[in-house]
Amino acid sequence: IKKISDALEPEYPNLEFWTLGYYCTSIAPQGMEFPDNLYLCYCYYPGCNNHSVDGSECDDNSGGTHNKWNDDNIKAWADVADNIHVWYYISQFSFAAAGDPIMKQVYNDLKYFRDIGVKGIFAQNSNDSLGWDDLIAYLTSEMMWNPDMTWEEYEAIAKEFCSFKYGPGGDK
């Protein structure tokens, strides 16, 4: 894709070229720098939705689906590319009924993505988390608008959403 980008950039200077770092293409190339018009969308897959994407809680001994491997990869990509976006699964694939753990992870993960210089997020939900999907999608969008919000502000937004959705007592 770099060759295509290099060839077309003189004639189309405002054209963006995108590539996907997903599973088999997750490892960053060595000895190559991405031009300014080349963008990467990195997917944390395989990964563990039960722990932070920073890899501090999932290591190489967690059965193959660990976040440390992904964290090492995205940091290697950051060495060669400036325009990194993330394909982020905001779903609790392993434990669909447990909405609360992913709610906490979304808060921490989006702050982490901001801190490592991620420029954008593509958030994918599975729509099978037994009623938590709307809340998680809403909280994700709120965090994308304001990744600097406090945990207390985040919780207040969650309670407000539940009040609107479920009526009186929904914020409990």
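So, here is what we can say about the structure in this document. (Residues numbered from 1 in each chain as written. Predicted model: local features only at pLDDT ≥ 70, side-chain atom pairs only at ≥ 80, totals over all residues. Heavy atoms only, no water.)

**Here's the deal with the sheet that holds strand β1 (residues 17-21)**
Strand pairing within a sheet occurs via backbone hydrogen bonds; the two strands may be parallel or antiparallel. Rule in force here: Strand pairing is defined by DSSP finding a minimum of two bridges between the two strands. The helix and strand labels rest on DSSP assignments: H or I over at least four residues marks a helix, E over at least two residues marks a strand, and numbering proceeds from the N terminus. Helix axes are fitted only over the stretch in contact, all axes being lines through C-alpha atoms; the angle between N-to-C directions runs from 0 to 180 degrees.
Spatial strand order, β1-β2-β3-β4: 4 strands in an open sheet with parallel pairing. Looking along the sheet, the strands with just one partner apiece sit at the ends: β1 and β4 (120-124). Ignoring which end each strand starts from, the neighbouring axes of this sheet average 20° apart. As paired strands, β1 and strand β2 (residues 38-43) are joined by 5 bridges and run parallel to one another. By the bridge assignment for β2, tryptophan 18 is matched with tyrosine 39.

**Section: a negative patch on the surface**
Under the convention used in this document: Surface patches are defined over residues having more than 30% relative accessible area and no salt bridge, joining like charges when they lie within 9 Å and nonpolar side chains (Val, Leu, Ile, Met, Phe, Trp, Tyr) when within 5 Å. Values of accessible area rely on a 1.4 Å probe in the Shrake-Rupley scheme; residue burial ignores everything except the protein chains shown. Salt bridges, as used here, are contacts in which a Lys or Arg side-chain nitrogen is within 4 Å of a carboxyl oxygen on Asp or Glu. In summary, the charge assignment counts Lys and Arg as positive and Asp and Glu as negative, without counting His or the chain termini. Charged groups are reduced to one reference atom each: NZ for lysine, CZ for arginine, CG for aspartic acid, CD for glutamic acid. Classification of residues uses two cut-offs on accessible area relative to the type maximum, computed with a 1.4 Å probe and protein chains only: under 20% is buried, over 50% is exposed, and between them is partly exposed.
On the surface, a cluster of negative charge is contributed by Glu9, Glu33, Asp36 and Asp82. Residue position: aspartate 36 is located in the loop between β1 and β2. Take aspartate 36: its relative accessible area is 63%, and that puts it in the exposed class.

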